[in-house]
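# Analysis of the macromolecular model
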Amino acid sequence: MKYIVIIGDGMADLPIPELNGKTILQSAKKPNMDYLVKNGRTGLAVTVPKGYAPGSDVANMSIFGYDPAKYYTGRSPLEALSMGVGLYGDDLAFRTNLITIGNAGGMAGGDRLSFKDAYIIDYSAGHISSEEAGQLIRAVDEKLGTSRFRFYPGISYRHLLVAQENFGKNCSFTPPHDVTGQKVAGHLPKGVLGDAESEKAAAIYMDMMAASYDILKNHPVNQKRVAEGKLPANCIWFWGQGNAPRFESFQKLHNKTGAVISAVDLLKGIGICAGLDVINVVGATGFLDTNYKGKADAAIEALKSKDFVFVHIEAPDECGHLGDYKKKLQAVEDLDAKIVAPLLEYAKSSDEPCRILVMPDHPTPVALKTHTSDPIPFVLYDTRENEIDGIEVYDEDSAKGGSFKTVFAPDLISIMLEK
């Protein structure tokens, strides 16, 4: 038996007025996902337990079969593993976004950034390229890096800070995609009220964010981007802190081998923690221009030697954060045509029986531009077609009538493995 898990990051949504009150999944042309539902079983999954923020870290851990209550230590440590950055003892990792910050009239100006009237214009600096971003983060590390703080370049706008001695562990940080278009004031690092140490740490992180503007605003990379009509990556933003995680291996838990295919360090980090092979695909970007064919081909190749393959597509989530329903429609339709279709064809033509699980990790409604913790629709298809619900389409409403009802997402891997 072979097992394929396809994760369309953030593709669940709310009804959209411009789509006549339908969701993205209800509006998209997705014949292959609909085929899976007609010939499989469906239901709703709770990927974000109560008490947890609806992040991709918690949600995807759940899909991989790891209960966040037992294994979760923070988002950034998972990304650090993928980036090859070791965390030791009380090292504290932070996701460090390169963002575009400005004021009500557009780009920020002046010699020193004031957070009083500043806005987050874009949480991704226009999905800056990894090459450009690497130059900027290295410039930040050259000026702000110390024996306590080190910056590491990642992919596109996603980067890493490692702080020693758990510095700022009890501070509160806000994901920038949650407050895009909003004033920065009120969303800056905060210490625990009355805790002088954490309040001091929050002030230091805020000072580093402000200082980064001085470093980045006139950097040649940003001057070139502005000249080309692109958004500058003119500020860093910290969030998602945590210490090194400790997972049990996927093979030990389930007696199955597996691989992960994703463009983003978070998913790769989960795979590393789980002891799964991480397959890097050339041209995988985490956006609409990702190498879909390369990912599908890599998944099929991995199944020659592995039992499981997890294929993660980031584009629907990114389009949700942009608040662009047209791009999100495209992302879902591309996922269906370029990932689900070839993997379904492989499964149906394989000499071995195969099960395919398709699901988002969480909703990213375009109206909200951020994640929610609502249960998400999933479909489980078996080439042996032992049991089917016969539901006609794959979407949020149809899944409510599925035979699985509502399940806790960490249980889905065990459900897939049932005879």
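Just above, that's the structure.
Figured I'd write up the structure that's included with this text. (Residues numbered from 1 in each chain as written. Predicted model: local features only at pLDDT ≥ 70, side-chain atom pairs only at ≥ 80, totals over all residues. Heavy atoms only, no water.)

## Considerations on the overall build of the protein chain
Secondary structure summary: the protein chain contains 14 helices and 14 strands in total. At 21 Å, the protein chain has a C-alpha radius of gyration in line with the 22 Å of a compact globule built from 419 residues. By its C-alpha atoms, the protein chain is 65 × 50 × 40 Å across when sized along the principal axes. Taken across its 419 residues, the protein chain has 58% of its residues classed as buried. Looking at the protein chain alone, contacts between residues at least 24 apart form 75% of all its contacts between residues at least 6 apart. Looking at the protein chain as shown, the accessible area adds up to about 16,600 Å², and 49% of this sits on carbon and sulfur atoms. Counting 44 positive and 53 negative side-chain charges, the protein chain places the averaged centre of each group 1 Å from the other. (Helix = DSSP H or I, 4+ residues; strand = E, 2+ residues; numbered from the N terminus. Rg over C-alpha atoms; globule rule 2.2 N^0.38 Å. Buried < 20%, exposed > 50% of the residue type's maximum accessible area, 1.4 Å probe, protein only. Contact = heavy atoms within 4.5 Å. Areas by Shrake-Rupley, 256 points an atom, 1.4 Å probe, with all protein chains shown as cover. Lys, Arg positive; Asp, Glu negative; His and termini not counted. Charge placed at Lys NZ, Arg CZ, Asp CG, Glu CD.)

## What about the packing of aromatic side chains?
Within the structure shown, the criterion is met by 21 aromatic pairs. Note on phenylalanine 250 and phenylalanine 310: the rings are 5.8 Å apart at their centroids and 90 degrees apart in plane angle, and the pair reads as edge-to-face. Of this pair, phenylalanine 250 sits in helix 9 (residues 250-254) while phenylalanine 310 sits in strand 11 (residues 308-313), and the two are 60 residues apart along the sequence. The pair phenylalanine 250 / phenylalanine 310 is uniform in exposure class, with both members buried. What links up through ring pairs into an aromatic cluster is the set Phe94, Phe149, Phe151, Phe167, Phe173, Tyr205 and Phe238. The ring centre of phenylalanine 404 lies 4.0 Å from the NZ or CZ of arginine 41, which sits over that ring. (Phe/Tyr/Trp six-rings, centres within 6.5 Å; stacked < 30°, edge-to-face > 60°. Lys NZ or Arg CZ within 6 Å of the ring centre and 35° of its normal.)

## A look at the sheet that holds strand 11
Pairing within the open sheet is mixed, and its eight strands lie in the order 10-9-11-1-12-13-2-14. Strand pairing shows two members of the sheet lacking a second neighbour, strand 10 (277-279) and strand 14 (406-408), which therefore form its edges. Across the sheet, the mean angle from the axis of one strand to that of its neighbour is 25 degrees, orientation sign disregarded. Lying on the sheet, helix 2 (residues 31-38) is in contact with strand 2 (40-46), strand 12 (354-359) and strand 13 (376-382); it crosses strand 13 at an angle near 70 degrees. (Pairing = 2+ DSSP bridges. Axes fitted to C-alpha atoms, helices over the stretch in contact; angles between N-to-C directions.)

## Quick notes on the packing of helix 2 against helix 13 (residues 325-349)
At a closest axis distance of 7 Å, the pairing of helix 2 and helix 13 adopts a crossing angle of 50 degrees. Put simply, helix 2 runs oblique to helix 13. Facing helix 2, whose interface residues are Pro31, Asn32, Met33, Tyr35 and Leu36, helix 13 presents Val332, Leu335, Asp336, Ala337, Val340, Ala341, Leu344 and Lys348. Considering only residue class, the contact of helix 2 with helix 13 consists of ten nonpolar, one polar and two charged. (Parallel < 35°, antiparallel > 145°, perpendicular 65-115°, else oblique. Nonpolar A, V, L, I, M, F, W, Y, C, P; charged D, E, K, R; others polar.)

## Topic: the pattern of salt bridges
Per the counting criterion, the structure on display carries 23 salt bridges. Ionic pairing is found between glutamate 248 and lysine 70, a salt bridge with its closest N-O pair at 3.1 Å. Residue glutamate 248 is found in the loop between strand 8 (235-242) and helix 9, and its partner lysine 70 is found in helix 4 (residues 68-71); the two are separated by 178 residues along the sequence. The salt bridge partner of lysine 293 is aspartate 297, with a shortest N-O separation of 2.7 Å. (Salt bridge = Lys/Arg side-chain N within 4 Å of Asp/Glu carboxyl O.)

## Observations regarding helix 13
Between its first and last C-alpha atoms helix 13 spans 35 Å; for 25 residues at 1.5 Å apiece the expected length is 36 Å, and the two agree. Where helix 13 bends most, at valine 340, the angle is about 35 degrees, and the proline proline 342 comes one to four residues later. (Expected span 1.5 Å × (residues − 1). Bend = angle between axes of the 7 residues up to and from the residue.)

## So, the side chain of aspartate 141
Summarising the element assignment, aspartate 141 is placed in helix 6 (residues 130-144). At a separation of 2.8 Å, a polar atom in the side chain of aspartate 141 contacts the side chain of arginine 150. Each residue touching aspartate 141, except ones within four places of it in the same chain, is listed here: Phe149, Arg150 and Phe151. (Polar contact = N/O pair within 3.5 Å; in protein donor to acceptor, adjacent residues only side chain to side chain.)

## Describing unusual backbone geometry
Unusually for a residue other than glycine, glutamate 165 sits at a positive phi of about 65 degrees. At asparagine 255, a position not held by glycine, the phi torsion is positive, near 60 degrees. Mapped onto the elements of the fold, asparagine 255 is located in the loop between helix 9 and strand 9 (258-261). The class for asparagine 255 is exposed, based on a relative accessible area of 62%.

## Topic: the side chain of threonine 290
Position of threonine 290 relative to the elements: it lies in the loop between strand 10 and helix 11 (292-302). Dropping the residues within four chain positions of it, threonine 290 is found in contact with Gly283, Ala284, Thr285 and Lys295.

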